[in-house]
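Each chain, written out:
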Amino acid sequence: MERDATVVRVYPPGYGHTPISADYRPWLRDAEFLAAWRRVRDNTLLDQARLHNLWDLVEQCSRRCTGAVLEVGAWRGGSSALMALRLRAAGDQRRVYVADTFAGVVKAGEQDSYYRGGEHADTSVDRVARFLDDLSLHQCVVLPGMFPDETARDITDSSFALCHIDVDVYQSARDVFFWVWPMLQPGGVVVFDDYGFLGCDGVTRLVDELRQRDDLVIAANVNGQALAIKFR
Ligand SMILES: C[S@@+](CC[C@H](N)C(=O)[O-])C[C@H]1O[C@@H](n2cnc3c(N)ncnc32)[C@H](O)[C@@H]1O
């Protein structure tokens, strides 16, 4: 049996991080996912666990909910493309919005211990447009600029089934969440990347604040994602 190489990490005291071990990797026997993953892996920072979760959730949400899919924080487009590949495989032509500044992280502030702004600028709108075009993912709509401030006005859908927020910092994640939430269908999901990651404490804090709301359930996974599941 293959095992991951041992990774030795040093965690800050009192931070609530220790290594965990979970052997179940459902994507290893999901041939369709693995084929899609091979097509996007060079254009994403996400590991297989988080990508497989998006692959699974976009299918579940699209079966239950009408509305578009939105990703804010696309970087080189890999995670957006994976969701669009999943929808296309199911014959589902709904729009997938692919939003990024293409100039790196914005709105870093006091809540964020690591990010300062400008990180992940090593991409471009042309590169992502070409990547999506090469995969013939014509249902993807690229939105270059700060979301929602500069690009939400270009969205033509008024309901959403799933939103993936992968923006690394508190204020950006908060602004995206409060923009999309009123238009998310009951049964729809907001997936936060970065939950619990060292250096992404702003996003962790935001998700933990949302636990007070009475219209959602937060499911915080130990893989670095948290879900806000809307039930009404
Ligand atoms: C970690 S990367 C995203 C990774 C990507 N999902 C992938 O598959 O690898 C974070 C991205 O969020 C973008 N970003 C942060 N805040 C944003 C905002 N308010 N509007 C648009 N893009 C934003 C940054 O430009 C950066 O490319």
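Keep in mind that what you see is a predicted model, and the values were worked out from it rather than measured.

Visitor: Honestly, the packing of helix H1 (residues 31-40) against helix H3 (residues 78-89) in this entry has me stumped. Any pointers?
Guide: Relative placement of two packed helices is described by the angle separating their axes and the distance separating the axes. Here H1 crosses H3 at 140 degrees, and the two axes come no closer than 9 Å. As judged from the angle between their axes, H1 and H3 are oblique. Crossing handedness for the pair H1 and H3: right-handed. Contact with H1, carried on its side by Glu32, Phe33, Ala36, Trp37, Arg39 and Val40, involves Gly78, Ala81, Leu82, Leu85, Arg86, Arg88 and Ala89 of H3 and no other residues of that element. Looking at the contact of H1 with H3, its residues break down into 8 nonpolar, 1 polar and 4 charged.

Visitor: Help me understand the packing of aromatic side chains, please; the structure alone is not making it clear to me.
Guide: Describing an aromatic ring pair means giving the distance of the ring centres and the angle of the ring planes. Overall, the coordinates contain 8 aromatic pairs when judged by the stated rule. Ring centres of Phe33 and Trp55 lie 5.7 Å apart, and the angle between their planes is 70 degrees; this geometry places the pair in the edge-to-face category. Pair noted here: Phe33 is in helix H1 and Trp55 is in helix H2 (residues 48-64), with a separation of 22 residues, a long-range link. The same class applies to Phe33 as to Trp55, namely buried. Pairing Phe160 with Trp179 gives two aromatic rings, centres 5.8 Å apart and planes at 65 degrees, and the pair type is edge-to-face. Taken as a pair, Phe160 in strand S4 (residues 160-165) and Trp179 in helix H5 (residues 170-180) lie far apart in primary sequence, 19 residues in all. Accessibility expressed as a relative area gives 22% for Trp179, which makes it partly exposed. Positioned over the ring face of Trp37 is Arg41, at 4.9 Å from the centre of the ring. Geometry around Trp181 places Lys230 over its ring, the cationic atom sitting 4.9 Å from the centre.

Visitor: Would you explain the pairing of S4 in this entry?
Guide: Note on strand geometry: in a regular strand, side chains alternate between the two faces of the sheet. Counting buried residues in S4 gives 6 out of 6 residues, a clear majority hidden from the surface. Of the pairings in the sheet, the one linking strand S1 (residues 68-72) to S4 comprises 5 bridges and is parallel in character. Within S4, the position partnered with Val69 by the bridge is Leu162. Of the strand pairs in this sheet, S4 and strand S5 (residues 184-193) are connected by 5 bridges, and their pairing is parallel. From the neighbouring strand, His164 faces S5, where its bridge partner is Val191. Taken together, S4, H5 and S5 form a β-α-β motif whose crossover is right-handed.

Visitor: Help me understand the environment of Val69, please; the structure alone is not making it clear to me.
Guide: Within the secondary structure layout, Val69 lies in strand S1. Between the C-alpha atom of Val69 and that of Leu51, which follows or precedes it by 18 residues, the distance is 15 Å. Discounting residues that sit within four places of it in the chain, Val69 has contacts with Val58, Met83, Leu87, Arg94, Arg95, Val96, Tyr97, Phe160 and Leu162.

Visitor: Looking at this structure, I do not really get the layout of surface pockets. What am I missing?
Guide: In this approach, a probe sized like a water molecule rolls over the atoms, and the result shows the empty space that is left. Of the voids in this model, the second largest pocket is the one considered here, and its volume is about 480 Å³. Along its surface, the second largest pocket is lined by 32 residues, and Gly73, His120, Asp166, Val167 and Asp168 are the ones closest to its centre. Where the lining of the second largest pocket is concerned, the elements lending two or more residues are strand S2 (96-100) and H5. Grouping the constituent residues of the lining of the second largest pocket by class yields 16 nonpolar, 9 polar and 7 charged.

Visitor: Mind showing me how you'd approach the site of the ligand here?
Guide: Close contacts around the ligand come from 22 residues, with Thr44, Leu45, Gly73, Asp100 and Asp166 the closest. Measuring from an oxygen atom of the ligand, one finds a side-chain N or O atom of Thr101 at 3.0 Å. Here Phe147 contributes a backbone N or O atom positioned 2.9 Å from a nitrogen atom of the ligand. Considering the ligand on its own, with 600 Å² of exposed area, one finds that the protein chains cover 99% of that surface. Among the cavities detected, the one that contains the ligand is the second largest pocket. Tallied by class, residues from the shell around the ligand come to 10 nonpolar, 8 polar and 4 charged.

Visitor: I'm lost on the packing of H2 against H3 in this one. Help?
Guide: Contact geometry of H2 with H3 gives a least axis separation of 9 Å together with a crossing angle of 40 degrees. When the interaxial angle is binned, H2 and H3 end up oblique. Of the two elements, H2 crosses H3, and the hand of that crossing is right-handed. Where H2 approaches H3, its residues Leu51, Leu54, Trp55, Val58, Glu59 and Ser62 are matched on the opposing element by Ser79, Leu82, Met83, Leu85, Arg86 and Leu87. Here the residues of the contact of H2 with H3 sort into 8 nonpolar, 2 polar and 2 charged.

Cut-off values and rules
Residues numbered from 1 in each chain as written. Predicted model: local features only at pLDDT ≥ 70, side-chain atom pairs only at ≥ 80, totals over all residues. Heavy atoms only, no water. Axes fitted to C-alpha atoms, helices over the stretch in contact; angles between N-to-C directions. Helix = DSSP H or I, 4+ residues; strand = E, 2+ residues; numbered from the N terminus. Parallel < 35°, antiparallel > 145°, perpendicular 65-115°, else oblique. Left-handed = near helix turned anticlockwise from the far one by under 90°. Contact = heavy atoms within 4.5 Å. Nonpolar A, V, L, I, M, F, W, Y, C, P; charged D, E, K, R; others polar. Phe/Tyr/Trp six-rings, centres within 6.5 Å; stacked < 30°, edge-to-face > 60°. Buried < 20%, exposed > 50% of the residue type's maximum accessible area, 1.4 Å probe, protein only. Lys NZ or Arg CZ within 6 Å of the ring centre and 35° of its normal. Pairing = 2+ DSSP bridges. Right-handed = clockwise from strand over helix to strand, strands pointing away. 1 Å grid on protein atoms, 1.4 Å probe; cavity = no way out; pocket = protein on both sides within 12 Å on 5 of 7 lines; lining within 4 Å. Points joined across faces, edges and corners; volume = space filled by probe spheres on them. Near = heavy atom within 4 Å. Polar contact = N/O pair within 3.5 Å; in protein donor to acceptor, adjacent residues only side chain to side chain. Areas by Shrake-Rupley, 256 points an atom, 1.4 Å probe, with all protein chains shown as cover. Sits in = over half its atoms within 2 Å of the grid points.

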